Amino acid sequence: MFMTTEGLSVGHTIKGVVESTAHLMLASEDIDKFNMFDQLFEEAKAKLERKAKVLDGDGIIGLRFNTEIAEMQVAPKFLVVHAYGTVVKIDQ
């Protein structure tokens, strides 16, 4: 399974669009550990891959990520990564 932020220059069939969201609540002692975004990107990509396999895709093109830090009024912060892309099947 391949993933790219670009298009594809070989013949392919679009199978659909997939999306995924991964999030993590930061404990008060971890409030500034934004490097934890790295694990969320990997989690979001793994979810996309599973969804692409269900659609019988060979890869995902046009992959995009959005990140967000959701703050609650009283306590924790949530790190959120939303990912989406187009599933394609390479033409034989």
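Residues numbered from 1 in each chain as written. Predicted model: local features only at pLDDT ≥ 70, side-chain atom pairs only at ≥ 80, totals over all residues. Heavy atoms only, no water.

**Some points on the environment of lysine 47**
- The residue lysine 47 is located in helix 1 (residues 37-54) in this model.
- Counting along the chain gives 29 residues from lysine 47 to valine 18, while the straight-line C-alpha distance between them is 9.2 Å. (Helix = DSSP H or I, 4+ residues; strand = E, 2+ residues; numbered from the N terminus.)

**Some points on the confidence of the model for the protein chain**
- For the protein chain, per-residue confidence averages 90 on the pLDDT scale, and 91% of positions sit at 70 or higher.
- Strand 3 (residues 59-71) is the least confidently modelled element of the protein chain, averaging 93 in pLDDT, while strand 1 (residues 2-3) averages 96, the highest of any element. (pLDDT = per-residue confidence, 0-100.)

**Considering the nonpolar core**
- Within the largest apolar cluster, 15 residues are counted, with the highest numbers of intra-cluster contacts made by Leu40, Leu48 and Ile60.
- Elements with a contribution of two residues or more to this core: strand 2 (12-26), helix 1, strand 3 and strand 4 (77-90).
- Non-local contacts of isoleucine 60, meaning those with residues more than four positions away in its chain, are made with Met1, Phe2, Met3, Thr4, Val18, Leu48, Glu49, Ala52, Gly85, Thr86 and Val87. (Core = buried A, V, L, I, M, F, W, Y, C linked by side-chain atoms within 4.5 Å. Buried < 20%, exposed > 50% of the residue type's maximum accessible area, 1.4 Å probe, protein only. Contact = heavy atoms within 4.5 Å.)

**Some remarks on the sheet that holds strand 3**
- If you trace the four strands from one edge of the open sheet to the other, you get 1-3-4-2, paired in mixed fashion. Strand pairing shows two members of the sheet lacking a second neighbour, strand 1 and strand 2, which therefore form its edges.
- Relative to strand 4, strand 2 is paired through 14 bridges, and the arrangement is antiparallel. If you follow leucine 24 over to strand 4, its bridge partner there is leucine 79.
- Strand contacts of helix 1: strand 1, strand 2, strand 3 and strand 4, with the helix running at about 145° to strand 2, the strand carrying the most contacts. (Pairing = 2+ DSSP bridges. Axes fitted to C-alpha atoms, helices over the stretch in contact; angles between N-to-C directions.)

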